[in-house]
Amino acid sequence: MFFPLTKNDTFGILMRGENMKIKVKNASYPAVCAMPPAKKRKTRNPNILLTTVVRIASLPELWATRFSYRKIGMERLKKKEPCLILMNHSAFIDLKIASAVLYPRPYNIVCTSDGFVGKNLLMNHLGCIPTQKFVTDLHLVRELITAVKKRRCSVLMYPEASYSFDGTATPLPDSIGKCIKKLGVPVVMIRTYGAFAHDPLYNGLRHRKVKVSAEVEYLLSPEEAESLSAEEIQARVNAQYSFDNFRWQQENGVKIREPFRAEGLNRVLFTCPHCEAEGQMQSQGDTVSCKGCGVTYRLTEEGTLQALNADSRFTHIPDWYHWQREQVRKEIERGRYQMDLAVDICVLRGTDRLYRVGSGHLRHTADGFHLIGCDGELDYRQSPTSSYSLYADYFWYEIGDVICIGDNTMLYYCFPQGSGDVVAKARLATEELYKLQKQRITR
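To start, this report covers the structure provided alongside it. Computed from a predicted structure; not experimentally measured.

Because an α-helix completes one turn every 3.6 residues, residues spaced three or four positions apart along the sequence face the same direction. By the burial criterion, the buried members of helix α7 (residues 176-183) are Ile-176, Gly-177, Cys-179, Ile-180 and Leu-183. The buried residues of α7 occupy an angular sector of 160° when projected down its axis, which confines them to one face. Seen from the open side of α7, the exposed residues pointing more than 90 degrees away from its buried face are Lys-178 and Lys-182. Its buried side turned inward, α7 meets β3 (84-87), α6 (138-150), β6 (154-157), β7 (187-193), α9 (222-227) and α10 (230-240). Residue Gly-184 follows α7 closely and has a positive phi angle near 65°.

Next up, the structure:
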């Protein structure tokens, strides 16, 4: 069966590098709650014709980035042997890279459930397995086991689950080691180089002229995984996700000359390190500056920061981002952290469309998230231990910056209104609250 990749198909849009949109319908919150939840569909092996179309559609951007890759130890993997493929998540080009290095090997792709909205049939024939980011999903584990053991199909997974904001690794779930033990198949790692520099999330999905490459490495055999504990496997996987894309750029002499290279950086660097004002950062061209104290930094072609009218507090973007994390943690430890945002609210129940249900307030404190809205009809709480990180994104499906919370029955997409750049801080706070709560539990 053939499914054309039309302009309205998310996967087709992604393959051509265009902006993405999602089906949205206005509805009342009670009406959405009364809808039946999405049915759990059995995943199938990908349609070879579709995967070939995707492979061909991926070529233009891969050619434009002069993409190349090398294999390490991959002779150990048999041609028809199913495996678990782990890949770091940097940009939309990741799927194109996977298509290039894995074709024609059949593989299922673990992807977020909102990617299925309005295109269930297409995504199912591409072999995609839906899941909800940062939500415990036992159905997903069963699907993975079925894929590798019964259908003899490999599985591609991005365990970070979200794109990096600052070019360094985002937290991994502590269940990866256990999952690998359960699957009992070889583990392959795909590491990308230059993908983040080519298309960082903060820069408005505008491509920069950067060469992209990858390494495909045989990481663990079933026998090696069986001999190791889940904790030892987890440690090995965590080690593979220790990277710094800005440091890579500097060490490899990669120059990014695009004049817009710093635009959107205020979303990542949301606190001024000089006057410590939040939400006052702005960016234009190759500079980011504070509206409060006026300090201005230039993002150089080599990927370093250079203060133009003050002493540089930071020359490395991940260092600035890490400092912000420390500031957020101090707020939490002193009992001062809180975020109260006016938000527009959309919900996902099923995969037919996203429903715009009204407006409300999203509050985030040491007690977790509390979302109220829709004229008092919506009242949802989420504890700090519910998730180790947060599904947060910039200009999500061309709607706006988003904070997503929820569970296996409903996801709440909250779009802050008039609150400045708060998405990155919400993610940092979620991660630090989770760590602190876990530390208290284990004492």
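The discussion continues.
Spatially, four strands are ordered β9-β10-β11-β12 in an open sheet, and the strand pairing comes out antiparallel. Each end of this open sheet is capped by a strand with a single partner; those strands are β9 (281-284) and β12 (305-307). Taken pair by pair, the neighbouring strands of this sheet meet at an average axis angle of 25°, ignoring direction. Here strand β10 (residues 287-290) runs beside strand β11 (residues 296-299); their pairing, made up of three bridges, is antiparallel. Looking at the pairing, Thr-287 lines up with Arg-298 of β11.

As for its position among the elements, Phe-314 is in the loop between β12 and α12 (317-333). Phe-314 sits 33 residues away from Met-281 along the chain, and the two C-alpha atoms are 15 Å apart. Residues contacting Phe-314, with those up to four places away along its chain left out, are Pro-273, Tyr-297, Leu-305, Asp-319, Trp-320 and Trp-323.

Here we take up the pairing of β6. The side chains of a regular strand alternate, residue by residue, between the two faces of the sheet. Neither face of β6 is open: one carries Ser-154 and Leu-156, the other Val-155 and Met-157, and all of them are buried. Note that strand β4 (residues 107-112) and β6 share three bridges and pair parallel. Paired with Asn-108 across the bridge in β6 is Val-155.

In this section: α12. Relative to the 24 Å expected for 17 residues at 1.5 Å per residue, α12 spans 25 Å between its end C-alpha atoms, a close match to the ideal helical length. The set of residues buried in α12 consists of Ile-317, Pro-318, Trp-320, Tyr-321, Trp-323, Gln-324, Arg-325, Val-328, Arg-329 and Ile-332. One or two positions beyond α12, positive phi appears at Gly-335, with a value near 75°.

Empty space within the second largest pocket amounts to approximately 690 Å³. Lining the second largest pocket are 30 residues, and of these Pro-37, Ala-38, Lys-39, Gly-350 and Thr-351 lie nearest its centre. Only α5 (120-125), β5 (128-131) and α6 provide two or more residues apiece to the lining of the second largest pocket. For the lining of the second largest pocket, the element with the highest residue contribution is β5, accounting for four residues. When the residues that make up the lining of the second largest pocket are grouped by side-chain class, the tally is 11 nonpolar, 11 polar and eight charged.

With respect to the helices and strands, the residue Asp-94 is situated in helix α4 (residues 93-102). On the accessibility criterion, Asp-94 (0% relative accessible area) is buried. In terms of polar contacts, Asp-94 uses its side chain to reach the backbone amide nitrogen of Ser-90, at 2.7 Å. With sequence-adjacent residues up to four places away left out, Asp-94 is seen in contact with Met-87, Asn-88, His-89, Tyr-158, Tyr-163, Thr-192 and Ala-195.

What counts, and at which threshold
- Residues numbered from 1 in each chain as written.
- Predicted model: local features only at pLDDT ≥ 70, side-chain atom pairs only at ≥ 80, totals over all residues.
- Heavy atoms only, no water.
- Buried < 20%, exposed > 50% of the residue type's maximum accessible area, 1.4 Å probe, protein only.
- Helix = DSSP H or I, 4+ residues; strand = E, 2+ residues; numbered from the N terminus.
- Arc of directions from axis to C-beta.
- Contact = heavy atoms within 4.5 Å.
- Pairing = 2+ DSSP bridges.
- Axes fitted to C-alpha atoms, helices over the stretch in contact; angles between N-to-C directions.
- Expected span 1.5 Å × (residues − 1).
- 1 Å grid on protein atoms, 1.4 Å probe; cavity = no way out; pocket = protein on both sides within 12 Å on 5 of 7 lines; lining within 4 Å.
- Points joined across faces, edges and corners; volume = space filled by probe spheres on them.
- Nonpolar A, V, L, I, M, F, W, Y, C, P; charged D, E, K, R; others polar.
- Polar contact = N/O pair within 3.5 Å; in protein donor to acceptor, adjacent residues only side chain to side chain.

Functional significance is not addressed by these values, which are geometric in nature.
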